[in-house]
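# Commentary on secondary and tertiary structure
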Amino acid sequence: MSEQLGAVWVIAETSGSKLAAVSLELLGKARELAAYKEGAFTAAVLMGSAIASLAEELIAHGADRVFLLDDPRLAPYQNDLHALALTDLIKNHRPETVLFGASYRGSELSATVAAKLETGLAAHCVDLRIDHRGELVQVVPAFGGTVLGDIFCPVSRPRMASVKPGIFPQPARDAGRTGEVIKITAALPRDYQSPLKALRVFRRQPPALPLEKAPTVVAGGWGVGAEGWHLLEELAGELGGAVGCTRPALDEGWASSEDALIGTSGKTVRPQVYLGIGISGAAHHTAGMKDSGVVININLDPGAPVFGVSDYGAVGDAKKILPLLLEKIREHKGEINALRKPDTPLTRRGKN
Amino acid sequence: MNIAVCVKPVPDPNHYHKITIHPETKLLARKGIPAVINPADKNALEAALQLREQAGGKVVLVSMAPPDAREKLTEGLAMGADEAILFSDRAFAGADTLATARVLAAGLKKIGGFDLILTGAESADSGTSHIPSQLGELMGWPHLNHLTGLNLQVPVLKMTTKIEYGYIEYEGRLPMVLGIARESNTPRYISLMGVVAARNKPLTTWGLNELQLASGSTGLAGSPTQPGDLHPPRHGRQVELLEGEPADIAGKIVAVLRAAGVLV
């Protein structure tokens with residue numbers, strides 16, 4: 001088949017029967033990148049079993065075409081099978097740019113396919129843009145996000161990139177968008193024997209308020225201590241937020257699970273308010289929170305690097321401040337509730 | 001059961017906040033930051049040492065790095081690896097992950113006789129997590145990354161890999177290339193006896209010629225991706241310090257939370 005001039009592809013990822021948010025976020029970016037080339041279109045690649053109904057979602061979020069690889073052998077996700085099918089599809093259709101979510105699966109799949117095609121792949125991008133020469137600039141973090149570097153892929157095609165979830169905004173759903181669904185029937189060679197076998201996929205129920213969607217994030221580090229950790233949970237509860245943590249707090253076992261980890265090897269959060277407690281400010285943590293709205297940090301050391309990425313730096317012992325803060329917040333809420341008339345709901349108050 | 005462990009020396013992640021970019025030369029300033037074995041690679045070495053205890057054989061360390069990496073490889077030998085081979089050549093400099101995997105694969109094929117290749121799931125400095133998959137492809141072996149669990153009943157491997165909010169259990173067969181995650185184990189400490197023993201373990205260096213790679217296939221020249229400018233992330237924040245007694249500070253934080261609209 002012919003080369004698809006400037007086509008920008010997004011490799012969709014599914015979680016159960018749903019599309020991962022990052023896939024939709026990438027479709028918005030794909031449209032922006034495709035707009036630089038006359039006649040270029042966006043396409044999504046959807047691989048799995050009994051997933052055809054998701055094609056409409058991809059179109060509604062920005063895909064002009066959807067390559068549908070619906071094959072029982074493609075579910076559950078298995079690196080070798082997905083990589084084989086995708087490599088074949090790319091060779092046949094020759095897109096210019098291929099974008100993946102930098103999830104565990106997306107990172108593994110993108111690296112595998114890049115090696116099969118011997119092409120360039122930029123990992124965990126935090127920005128993608130076209131420069132004045134028309135080259136794609138892929139901005140990647142290094143040294144835990146202390147440094148950002150531009151990566152180019154001048155010759156090899158397709159150029160490929162993985163992008164962390166939560167970097168690009170999710171485009172609005174447009175039910176009126178139309179697109180073409182292209183069914184790929186022989187996605188895998190009939191006689192291919194996989195050397196691997198995925199026995200079981202286990203998924204926990206994600207928390208009711210996932211960290212990356214919480215309006216307030218209360219993050220704790222080494223300075224919180226084991227005995228103070230439950231106060232973070234209480235504080236987040238009072239503020240209607242979620243608890244995040246640094247690597248040392250996770251390694252100590254204070255944080256409930258890796259889902260709470262913020263930073264280069266964890267989540268990227270950008271809440272309205274980030275309240276960091278006992279966090280020194282290691283770059284691999286701050287890379288995951290630097291785009292938050294208002295940033296407050298409590299640290300004993302006025303020279304702590306974390307104050308370099310803060311709007312407000314409370315200098316003091318987190319172990320002493322934390323219980324007092326919780327007390328004052330409860331006191332304040334108590335006053336507000338006492339003022340509230342029993343049957344008039346409190347309307348949202350603006351800034352004072 | 002012969003196991004290769006690929007390791008990479010990286011600047012100590014505990015010092016990354018000290019790394020700056022020179023405003024004119026745009027080069028990295030990382031003076032005084034000590035090198036360590038990439039943390040996840042230590043988990044890979046620990047996994048290999050445990051498998052050797054279970055199934056016998058030997059553990060060979062390999063690394064593609066500048067000549068001073070010999071010191072870090074000696075540390076790995078002191079941890080318990082049997083021998084180490086450093087792939088080092090000016091022609092390897094500036095490699096992206098594909099060009100790195102090419103050198104590692106060529107070296108590992110030349111040594112030969114491995115049943116299993118382990119490496120860290122990701123490096124602390126560039127953090128791409130590409131190497132386990134790309135090395136697997138270039139070896140022509142099956143591969144998985146982000147392993148948190150590994151159980152071997154020769155030649156069958158039971159493996160657990162991480163996904164968001166969960167995991168996948170796999171079954172595979174040797175040989176394989178596996179990327180080991182940080183939480184899979186706790187690397188052992190180096191003993192004094194280990195340090196002494198490391199002095200008598202073989203540590204070799206191979207360059208482009210020994211690996212019989214075509215010139216132009218390695219380093220920056222052999223890399224499909226090319227680096228451009230480095231820049232610092234933009235924070236654009238000017239910190240206002242909140243000071244005083246703990247109770248005063250707590251009061252000030254409440255005021256900030258209210259002004260920000262998360263506390264009515």
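As shown above, the structure is provided for reference.
So, here's what we can say about the structure.

Conventions we followed
- Residues numbered from 1 in each chain as written.
- Chains lettered and ligands numbered in written order.
- Predicted model: local features only at pLDDT ≥ 70, side-chain atom pairs only at ≥ 80, totals over all residues.
- Heavy atoms only, no water.
- Helix = DSSP H or I, 4+ residues; strand = E, 2+ residues; numbered from the N terminus.
- Contact = heavy atoms within 4.5 Å.
- Areas by Shrake-Rupley, 256 points an atom, 1.4 Å probe, with all protein chains shown as cover.
- Lys, Arg positive; Asp, Glu negative; His and termini not counted.
- Charge placed at Lys NZ, Arg CZ, Asp CG, Glu CD.
- Pairing = 2+ DSSP bridges.
- Axes fitted to C-alpha atoms, helices over the stretch in contact; angles between N-to-C directions.
- Expected span 1.5 Å × (residues − 1).
- Buried < 20%, exposed > 50% of the residue type's maximum accessible area, 1.4 Å probe, protein only.
- Buried area = accessible area lost by both parts, 1.4 Å probe.
- Salt bridge = Lys/Arg side-chain N within 4 Å of Asp/Glu carboxyl O.
- Polar contact = N/O pair within 3.5 Å; in protein donor to acceptor, adjacent residues only side chain to side chain.

### Quick look at the overall build of chain A
In terms of helices and strands, chain A carries eight helices and 18 strands. Reported as C-alpha extents along the three principal axes, the dimensions of chain A are approximately 70 × 50 × 45 Å. Considering only contacts within chain A whose residues lie at least 6 apart along the sequence, 62% involve residues at least 24 apart. For chain A, the computed accessible surface area is about 14,800 Å², with 52% contributed by carbon and sulfur atoms. Distance from the positive charge centre (38 side chains) to the negative charge centre (39 side chains) of chain A: 3 Å.

### Thoughts on the sheet that holds strand β12 (residues 180-183) of chain A
Residues and elements named next belong to chain A. Pairing in this open sheet of seven strands is parallel, and the strands run β7-β11-β6-β1-β4-β5-β12 from one edge to the other. Of all strands in the sheet, those with a lone pairing partner are β7 (121-125) and β12, marking the two edges. Across the sheet, the mean angle separating the axes of adjacent strands is 20° when strand polarity is ignored. The sheet contacts of helix α3 (residues 79-93) involve β1 (8-11), β4 (42-48), β5 (65-70) and β6 (97-101), and relative to β4 the element is tilted by about 150°. Across the sheet, helix α4 (residues 104-117) is in contact with β1, β4, β6, β7 and β11 (159-163); its angle to β6 comes to roughly 150°.

### Some words on helix α1 (residues 39-55) of chain B
Residue and element names in this part refer to chain B. Between its terminal C-alpha atoms α1 stretches 25 Å, which fits the 24 Å expected from 17 residues at 1.5 Å a residue. Burial within α1 is extensive, with 12 of its 17 residues counted as buried. Looking at the residues trailing α1, positive phi occurs at G56, about 75°.

### Some thoughts on the interface of chain B and chain A
In this assembly, 77 residues from chain B lie in contact with 97 residues from chain A. Between chain B and chain A lies a buried interface of about 7,500 Å² when both sides are counted; carbon and sulfur atoms form 63% of it. On the chain B side of the interface with chain A, the three residues burying the most area are Y165(B), R237(B) and V264(B), jointly 12% of the side's total. Note that E118(A) and R102(B) form a salt bridge whose closest N and O atoms lie 2.9 Å from each other. In this structure, the connection of chain B to chain A is made through 34 residue pairs in polar contact (both at pLDDT 80 or more). Those elements giving two or more residues to the side of chain B that touches chain A turn out to be α3 (97-111), α4 (131-139), β9 (143-153), β10 (156-163), β11 (166-173), β14 (226-231), β15 (240-242) and α7 (246-259) of chain B.

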